[in-house]
Amino acid sequence: MLPKLLRTECLIGGKWVGSKSGKTFEVINPATEEVLASVPRMGHEDVQTAITAAESAYPKWKAMTAAARGNILDLWAEKMREHSEELSQLLTLEQGKVIAESRIEIEYAASFLSWFAGEGKRLYGDTIPSHRTDSRILVIKQPIGVCAGITPWNFPSAMVTRKAAPALAAGNCMILKPAETTPLSALAIATLAEEAGVPAGVFNVVTGARKDAPEIGNALTSSPIVKKISFTGSTLVGKFLVRSCADNLTKLSLELGGNAPFIVFDDADFDDALLGVQICKYRNSGQTCISANRILVHSKLHDRFVEALSNCAAKLISGLGTEDGVTQGPLIESRAMEKVERLVKDAIDKGATLVTGGKRHELGGTFYEPTVLCDVTNEMAIVHEEIFGPVAAIMRFETEDEAISIANDTPYGLAGYFYSRDVGKIFRVAEALDVGIVGVNTGLISTEIAPFGGVKESGTGREGSKYGIDDWTSIKYICLSGLEK
Ligand code: SIN
């Protein structure tokens with residue numbers, strides 16, 4: 001199956017190659033634990049080859065018009081849409097999410113290519129009223145050069161194009177390192193990049209096993225040729241990258257961990273909030289950086305909400321993502337399962353009430369039952385750590401100030417959500433939440449046309465929207481003088 005898009009070599013400098021060491025590692029289907037393929041275990045030398053290829057491709061790519069680059073990105077998007085079904089199947093096989101969500105992700109991934117194909121043409125500069133009569137001040141935005149993207153496993157396709165599309169649209173070349181658990185989607189997308197006419201060396205993919213990550217990361221951060229790295233993943237690794245990038249002052253964009261509050265005020269539309277929290281919590285089996293991590297429900301609605309949500313959670317169907325009717329896939333790997341188990345146990349030990357779920361699913365492997373806990377308090381680890389699993393942790397609150405104070409009581413600040421019909425409260429709370437993204441009366445905020453990114457320990461930089469291309473450029477000020485007769 002999938003003969004064309006299932007690639008087991010990496011694209012470097014326009015060639016499909018194995019690693020210099022000849023070593024490979026296995027990609028496992030998390031739902032069945034079957035081996036899907038073996039892909040190269042790349043290291044320092046391989047990354048060096050990719051950097052050299054990107055450096056050689058850069059002058060020509062940068063010199064092209066934004067429209068010409070945009071046409072290639074548009075064609076790449078078209079090819080992704082043409083192959084949507086194969087890409088979705090592959091995504092579900094290696095990541096486990098249900099096929100309906102994979103289809104949505106493929107369209108989401110293609111949308112970044114289409115969006116930035118246009119944004120490249122709108123990378124406007126500026127003219128500034130001059131400080132001298134004989135001069136004029138111009139500002140232009142230029143590409144940075146050779147860049148790298150390090151992408152996570154939870155959105156193995158969309159995170160690739162969310163980085164590659166603005167990077168390439170602005171005239172940069174890229175080396176992409178996909179997550180070790182989900183490299184196949186990135187390789188498939190690279191195949192389509194090649195078909196769409198992305199020139200050799202402009203987009204390169206290097207794969208590696210978990211134990212290769214430090215070597216690959218070091219090869220990127222220690223290279224004076226790599227001018228920027230964009231990383232999506234844990235705050236721990238993000239901080240490590242900040243330290244590693246210090247010597248070369250490599251520019252960094254970081255989309256890191258989250259701990260999203262999801263607040264249901266007493267004036268919320270109950271049914272809307274119930275639907276919103278299900279999407280926000282159980283999408284991708286809770287494995288998104290913007291999943292509702294702490295669900296705060298006003299005491300007036302609390303008991304009814306807990307009961308309704310647990311009824312909904314109990315109806316979710318776990319299974320193979322490729323099967324019809326299944327709504328919940330597995331967790332990505334056993335480490336994720338162990339974390340979810342630890343957090344649930346700690347919460348129950350400290351007084352949380354288990355309303356539904358709360359254990360490994362009878363399907364075995366890394367399937368975990370959709371779970372609802374209430375009476376969750378600040379003493380529990382589940383309130384402070386990113387759950388990354390299908391566990392709804394519900395807390396009770398009384399006042400608006402209390403809800404805001406609980407919501408902001410975390411070092412993270414990626415997304416926050418709340419439900420209210422009171423326009424004054426909507427502005428007050430949206431402005432008071434210490435996050436980069438606020439969903440008001442919605443649990444789904446992802447779109448290519450809006451800026452995605454966090455504050456505090458959730459990172460720096462924005463992806464998507466008109467702001468998302470700025471991170472891939474450097475601003476040059478040109479002082480044009482000697483203009484008087
Ligand atoms: C993420 O979890 O990092 C991305 C989620 C999204 O874009 O919806």
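See above for the structure.
Residues numbered from 1 in each chain as written. Predicted model: local features only at pLDDT ≥ 70, side-chain atom pairs only at ≥ 80, totals over all residues. Heavy atoms only, no water.

The next thing to look at is the overall build of the protein chain. The number of helices and strands found in the protein chain is 13 helices and 22 strands. Taking 485 residues into account, the globule formula puts the C-alpha radius of gyration at 23 Å, and the protein chain, at 23 Å, falls close to it. Within the protein chain, the fraction of its 485 residues that count as buried is 58%. Expressed as a percentage of contacts within the protein chain between residues at least 6 apart in sequence, the contacts between residues at least 24 apart total 72%. For the protein chain, the computed accessible surface area is about 19,200 Å², with 54% contributed by carbon and sulfur atoms. (Helix = DSSP H or I, 4+ residues; strand = E, 2+ residues; numbered from the N terminus. Rg over C-alpha atoms; globule rule 2.2 N^0.38 Å. Buried < 20%, exposed > 50% of the residue type's maximum accessible area, 1.4 Å probe, protein only. Contact = heavy atoms within 4.5 Å. Areas by Shrake-Rupley, 256 points an atom, 1.4 Å probe, with all protein chains shown as cover.)

Here we take up the site of the ligand. Within the structure, the ligand sits among Tyr 108, Asn 154, Phe 155, Met 159, Arg 162, Glu 255, Arg 283, Thr 288, Cys 289, Ile 290, Ser 446 and Phe 452. Between the ligand and Arg 283 there is a distance of 3.1 Å, counted from an oxygen atom to a side-chain nitrogen or oxygen. Take Ser 446: an N or O atom from its side chain is 2.4 Å from an oxygen atom of the ligand. Partitioning the shell around the ligand into residue classes produces 6 nonpolar, 3 polar and 3 charged. (Near = heavy atom within 4 Å. Polar contact = N/O pair within 3.5 Å; in protein donor to acceptor, adjacent residues only side chain to side chain. Nonpolar A, V, L, I, M, F, W, Y, C, P; charged D, E, K, R; others polar.)

With that out of the way, let us pick up the pairing of strand β12 (residues 260–264). Among the 5 residues in β12, 5 count as buried, and that is most of the element. Side chains Ala 260, Phe 262 and Val 264 project from β12 onto one buried face, and the interleaved Pro 261 and Ile 263 project onto a second face that is buried too. Judged from the 5 bridges that link them, β12 and strand β13 (residues 292–298) form a sheet pairing that is parallel. What sits directly across from Val 264, in β13, is Val 297. In this region the chain leaves β12, passes through helix α9 (residues 270–282) and returns to the parallel neighbour β13; the handedness of that crossover is right-handed. (Pairing = 2+ DSSP bridges. Right-handed = clockwise from strand over helix to strand, strands pointing away.)

A few words on the packing of α9 against helix α10 (residues 299–315). Taken N-terminus to C-terminus, the directions of α9 and α10 make an angle of 50°; their axes are 11 Å apart at the nearest point. One element, α9, and the other, α10, form an angle in the oblique class. Considering how the two elements wind past one another, α9 and α10 form a crossing that is right-handed. Across the interface between the two elements, Phe 270, Ala 273, Leu 274, Val 277, Gln 278 and Tyr 282 of α9 pack against Leu 301, Arg 304, Phe 305, Ala 308, Leu 309, Cys 312 and Ala 313 of α10. (Axes fitted to C-alpha atoms, helices over the stretch in contact; angles between N-to-C directions. Parallel < 35°, antiparallel > 145°, perpendicular 65-115°, else oblique. Left-handed = near helix turned anticlockwise from the far one by under 90°.)

An α-helical turn contains 3.6 residues, so a residue and the one three or four places further along point in the same direction. Here helix α1 (residues 44–63) contains 20 residues, and its C-alpha end-to-end distance of 29 Å stays within 8% of the 28 Å for a straight helix at 1.5 Å per residue. Most pronounced at Ala 57, the bend in α1 amounts to some 40°, and the proline Pro 59 follows within four residues. Looking at α1, one finds that the buried residues are Asp 46, Val 47, Ala 50, Ile 51, Ala 53, Ala 54, Ala 57, Tyr 58 and Trp 61. (Expected span 1.5 Å × (residues − 1). Bend = angle between axes of the 7 residues up to and from the residue.)

This next bit is on the pairing of strand β7 (residues 146–150). In summary, the side chains of a regular strand alternate between the two faces of the sheet. Taking burial as the measure, the 5 residues of β7 include 5 buried ones, the bulk of the element. Residue alternation in β7 divides its side chains into two sets, Val 146, Ala 148 and Ile 150 and Cys 147 and Gly 149, and both sets are buried. In this structure, β7 lies alongside strand β8 (residues 173–177), joined through 5 bridges in parallel fashion. Within β8, the residue paired with Ile 150 across the bridge is Lys 177. With respect to chirality, the unit in which β7 leads through helix α5 (residues 158–169) into the neighbouring parallel β8 is right-handed.

What follows covers the sheet that holds strand β6 (residues 136–143). Taken in spatial order, the 3 strands line up as β5-β6-β22 in an open sheet, and their pairing is antiparallel. Single-partner strands in this sheet number two, and they are β5 (126–128) and β22 (473–480). Across this sheet, the average inter-strand angle for adjacent strands is 25°, counted without regard to direction. Both β5 and β6 contribute to a ladder of 3 bridges, which runs antiparallel.

This part takes up the nonpolar core. Among soluble globular proteins, nonpolar side chains are generally buried collectively. Formed by 81 residues in total, the largest nonpolar core has its most connected members in Trp 76, Met 80, Leu 168, Phe 203 and Leu 220. When residues of this core are assigned to their parent elements, the largest contribution, 9 residues, is made by helix α6 (residues 183–196). Excluding its chain neighbours within four sequence positions, the residues that come into contact with Trp 76 are Leu 113, Ala 164, Leu 168, Ile 189, Leu 192, Ala 193, Ala 196, Val 198 and Phe 203. Formed by 69 residues, the second largest nonpolar core is a distinct cluster that contains Ala 292, Leu 331, Phe 418 and Val 435. (Core = buried A, V, L, I, M, F, W, Y, C linked by side-chain atoms within 4.5 Å.)

The mixed open sheet is built from 6 strands, whose spatial order is β9-β8-β7-β10-β11-β21. The open sheet has two free edges, formed respectively by β9 (203–205) and β21 (459–460), since each of these has just one partner strand. Bridge count for β7 against strand β10 (residues 226–232) is 5 bridges, and the pairing is parallel. In the strand pairing of β10, Ile 150 is matched with Phe 231. Of the strands in this sheet, β7, β8, β9, β10 and β11 (251–255) are in contact with α5, which crosses β8 at around 165°. Running over the sheet, helix α7 (residues 213–221) touches β7, β8 and β10 and is turned about 140° from β10.

This paragraph deals with the pattern of salt bridges. By the definition in use, this model includes 27 salt bridges. Among the salt bridges present, the one from Arg 81 reaches Glu 107, with a minimum N-O distance of 2.8 Å. Of this pair, Arg 81 sits in helix α2 (residues 66–82) while Glu 107 sits in helix α4 (residues 99–119), and the two are 26 residues apart along the sequence. We classify Arg 81 as partly exposed; its relative accessible area is 35%. On the basis of relative accessibility, which here comes to 39%, the residue Glu 107 falls in the partly exposed class. Notably, a salt bridge pairs Lys 177 with Glu 180, separated by 4.0 Å at the nearest N-O pair. (Salt bridge = Lys/Arg side-chain N within 4 Å of Asp/Glu carboxyl O.)

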